[in-house]
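Structural description and commentary
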Amino acid sequence: MEDRRRMIEMTGIVKKYFIDTPNEISALRGVDLTVYEGEFLAVVGASGSGKSTLMNIIGTLDRPTEGQYTLDGVDTNAAKDTELSNIRNQKVGFVFQTYNLIARTSALMNVELPMLYAGMSRKERNERAEELLRMVGMEDRMKHRPEELSGGQKQRVAIARAMGNDPSIILADEPTGALDSSTGRMVMDLFHRLHQEKGKTIVLITHSPELAEETERIITLKDGAVISEREGIGHAVV
Amino acid sequence: MLLYENIRLALSSLRANKMRAFLTMLGIIIGISSVIAIMTVGASMESSLTDTMGSLGATNITVSLQEKEEEEEGESVEMGMRFGGPGRMRTPSEEDYFTDEMLREYCDYYPDAVEAISVQESLNSGQLLVDKLYANVSPSGVSDGFFLANDLELKAGRYFSDHEIENHSMAAIISDKAVNNLFQGDEEQAIGSTVSLVSGDKYLTVTIVGVYEYEQSAYSFGNTSEKDLTTDLYLPLPTARDLNHTSGTSSFTVVMAPGMDADSFVSSTEQFFNVYYRNNRNFEVYAFSMSSMLDSLTSMMGTITTGIALIAGIALLVGGIGVMNIMLVSITERTREIGTRKAIGAPNSAIRMQFLVEAMVICLIGGIIGVILGTVLGMIAAKVLDMPATPSVSSILISLGFSMAVGIFFGYYPANKAAKMDPIDALRYE
């Protein structure tokens, strides 16, 4: 396992808010985390444990106050804002609890969006977006707008979008949090397929212990620090 | 990101809020259309002014006598038109008049510059009578140069012959309108006819030698019927002078040869004639040309039009503020969208461009509608004012460019605000 490629390598990550004021808060207090290529990892913890902060830093939406973070071989500490945009575009695929599809824009166009920012040609991104939507079983809803889709359908489009530029990691923040259990199951199965068939590295942030158990490794956060790390049971796609 | 995608995006977001987009555009539409309408009317007025002045002969110099300023007052009035104070108006008398001698010397002195000299001697207005038919006329004696100076061409017949001029003949050139009244429009019958002319208390007999085409003067208002219309009747100058018992004139018009500089020749002419009036106690010579008047009038009109257009531009400014306002609202509403785009990897510049293009699209669509509306309004106004409608292409282009500039100017702040949003805050925004 150690000789596999390291997708995420974090050492001594500290994140403080309201620095040098009386209400200074440490959201993360020195987190070390390594995620290898092709791993399916769950980060669990109660609210306020620092999950979201960790996710933001992994996704390069935020910078740590202290510590080193290397994403797929790129040192993020040294990157400028525009470089971070580029890293997010190329190396990270976000899946949000609230889907965050662009309203009034077709599913196809939503999936094309990261490719558009990557400067891919119209024809190329069109073909790729169609292929990704087929992969998530949305081939007959491509022209539909988010308003016309159900929650599960929206999340499938969002996953297709996350795959847009074939990212190094997929970062899923409570992806089933807004879905009923059967739809949530379907979405989780999709992640398992991406993991097993495409070999994607997936970081799942959740507060559901059952979902976390399906993954390969479970990291538990409490008060901004990793308190336990263990293997999950795993899950076989039926 | 591609401009095309941004425009598509902007249009789809405008479609999503049709009413709001329309109201926002309305400000731009009103601003642009009022600027365009005013510019169109201004350009129409200018071209109608130029036409009118041109028809009066822009290359003509009018030379007249005017009262000398009294020495002790010592101040000179700059503007051309000077009026004597009440009660001290003097009219030039026979000995003050320009004589034929002076005019001949002037023509000899500037043989290349002077094309013709037009002198007109007015008689009392009256009527032409043929049996029981009549035509109102305003008779005057005119020199040869008159027809050239006034661009008057004959429809039938001929100008006065040298013989007629030398012999002070009672030959007349009348208008086609008078021919309509007296000869049912038969010009062939009119030419050579001898008719009675009543002018004031004089009963004369004139022979018609020519017919000219009557043109509605730019200054003739009112709606006299064709039958009672008063048109000019021309006699040879010496004939009219006999009737008025005079041998000179108090004013005349010089037709300049083409290519002459009007301004400098006006002052040369004034200087030339003032030599004769050095010792005249009451009068001096004043000359002016239509072209120099035209220049100052045109520039005055231009200033007025620009001034009004600037005021209308304030409406555009208000429209621009409306655009900025709605863009700020739109950005707040779409905070999560902005956050999502940033998470997906949109750099700040792409976000800025997206909203800038949206503001520009609003302004440009508003601008195009405004240009169309303004042109239509301006043309209607020109029609109502009875002037040639001249939509000004330059002002249309400037307005479109200006509306884009309004979009950039008022769109930049909101777009920049969107670009600088923190992605985490934006994603969390409810």
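One can find the structure itself at the top, above this paragraph.
Source: prediction; values computed, not measured.

1. Considering the overall build of chain A
A tally of regular secondary structure across chain A gives 7 helices and 10 strands. Residues counted as buried form 55% of the 238 residues belonging to chain A. Summarising the internal contacts of chain A: among those between residues at least 6 apart in sequence, 67% fall at separations of at least 24.

2. Some remarks on the pairing of strand S13 (residues 251-256) of chain B
Put simply, side chains in a regular strand alternate between the two faces of the sheet. Residue and element names in this part refer to chain B. A large share of S13 lies buried, amounting to 5 of its 6 residues. Note that strand S1 (residues 60-67) and S13 share 5 bridges and pair antiparallel. Looking at the pairing, asparagine 60 lines up with valine 255 of S13. Here strand S3 (residues 114-118) runs beside S13; their pairing, made up of 4 bridges, is antiparallel. For alanine 116, the partnering residue across the bridge sits in S13 and is valine 255.

3. So, a negative patch on the surface
On the surface, a cluster of negative charge is made up of Asp151, Glu153, Glu213 and Glu215 of chain B. With respect to the secondary-structure elements, glutamate 215 of chain B resides in the loop between strand S10 (202-212) and strand S11 (231-236).

4. Things to note about the interface of chain A and chain B
If you look at the interface, chain A gives 21 residues, while chain B gives 25 residues. Between chain A and chain B, a total of about 2,100 Å² is buried, with carbon and sulfur atoms accounting for 59% of that surface. One salt bridge connects glutamate 5 of chain B with arginine 122 of chain A, and the closest N-O pair in it is separated by 3.2 Å. Where chain A meets chain B, there are 8 residue pairs in polar contact (both at pLDDT 80 or more). Those elements that place two or more of their residues in the side of chain A that touches chain B are helix H2 (81-91), helix H3 (107-117) and helix H4 (122-135) of chain A. The leading source of residues in the side of chain A that touches chain B is H3 of chain A, at 5 residues.

5. As for the sheet that holds strand S4 (residues 66-71) of chain A
Residue and element names in this part refer to chain A. Pairing in this open sheet of 4 strands is antiparallel, and the strands run S2-S1-S4-S5 from one edge to the other. A strand with exactly one partner marks an edge of an open sheet, and here the two such strands are strand S2 (25-36) and strand S5 (74-75). Bridge analysis of strand S1 (residues 6-17) against S4 gives 5 bridges, and the strand direction is antiparallel. For glutamate 9, the partnering residue across the bridge sits in S4 and is threonine 70. Most of the contacts of helix H1 (residues 51-58) go to S1, to which it runs at about 125 degrees, and overall it touches S1, S2 and S4.

6. As for a nonpolar patch on the surface
On the surface, Met19, Phe22, Leu23, Leu26 and Ile30 of chain B cluster together into a nonpolar patch covering about 480 Å² of accessible area. Along the polypeptide, leucine 23 of chain B turns up in helix H2 (residues 18-55).

7. Digging into the side chain of glutamate 358 of chain B
Within the secondary structure layout, glutamate 358 of chain B lies in helix H12 (residues 348-384). For glutamate 358 of chain B, a relative accessible area of 4% corresponds to the buried category.

8. Examining the environment of isoleucine 321 of chain B
In this structure, isoleucine 321 of chain B sits in helix H10 (residues 290-333). The partly exposed category is assigned to isoleucine 321 of chain B, whose relative accessible area is 48%.

9. Brief notes about the pairing of strand S8 (residues 201-205) of chain A
Residues and elements named next belong to chain A. Within S8, 5 of the 5 residues are buried, which leaves the element mostly enclosed by the surrounding structure. Of the two faces of S8, both are covered, the one formed by Thr201, Val203 and Ile205 as well as the one formed by Ile202 and Leu204. Here 4 bridges tie strand S3 (residues 40-44) to S8, and the two strands are oriented parallel to one another. Opposite leucine 41, over in S8, you have valine 203 as the bridge partner. With 5 bridges joining them, strand S7 (residues 169-173) and S8 adopt parallel strand pairing. Bridge pairing links isoleucine 170 to isoleucine 202 in S8. The handedness of the S7 to S8 crossover, carried by helix H6 (residues 181-197), is right-handed.

10. A closer look at the sheet that holds S8 of chain A
Residue and element names in this part refer to chain A. The 6 strands are arranged S6-S7-S8-S3-S9-S10 in an open sheet whose pairing can be described as mixed. The sheet is open, and its two borders are formed by strand S6 (92-95) and strand S10 (225-231), each paired with just one other strand. This sheet shows a mean twist of 20 degrees between the axes of neighbouring strands, independent of strand direction. Bridging between S3 and strand S9 (residues 217-222) involves 4 bridges; their strand directions are parallel. Across the sheet, residue valine 43 finds its bridge partner in S9, namely isoleucine 219. The strands that H2 touches are S6 and S7; relative to S6, the one it contacts most, it runs at about 75 degrees.

Each value, and the rule that gives it
Residues numbered from 1 in each chain as written. Chains lettered and ligands numbered in written order. Predicted model: local features only at pLDDT ≥ 70, side-chain atom pairs only at ≥ 80, totals over all residues. Heavy atoms only, no water. Helix = DSSP H or I, 4+ residues; strand = E, 2+ residues; numbered from the N terminus. Buried < 20%, exposed > 50% of the residue type's maximum accessible area, 1.4 Å probe, protein only. Contact = heavy atoms within 4.5 Å. Pairing = 2+ DSSP bridges. Patch = residues over 30% accessible without salt bridge, like charges linked within 9 Å, V, L, I, M, F, W, Y side chains within 5 Å. Areas by Shrake-Rupley, 256 points an atom, 1.4 Å probe, with all protein chains shown as cover. Salt bridge = Lys/Arg side-chain N within 4 Å of Asp/Glu carboxyl O. Lys, Arg positive; Asp, Glu negative; His and termini not counted. Charge placed at Lys NZ, Arg CZ, Asp CG, Glu CD. Buried area = accessible area lost by both parts, 1.4 Å probe. Polar contact = N/O pair within 3.5 Å; in protein donor to acceptor, adjacent residues only side chain to side chain. Axes fitted to C-alpha atoms, helices over the stretch in contact; angles between N-to-C directions. Right-handed = clockwise from strand over helix to strand, strands pointing away.

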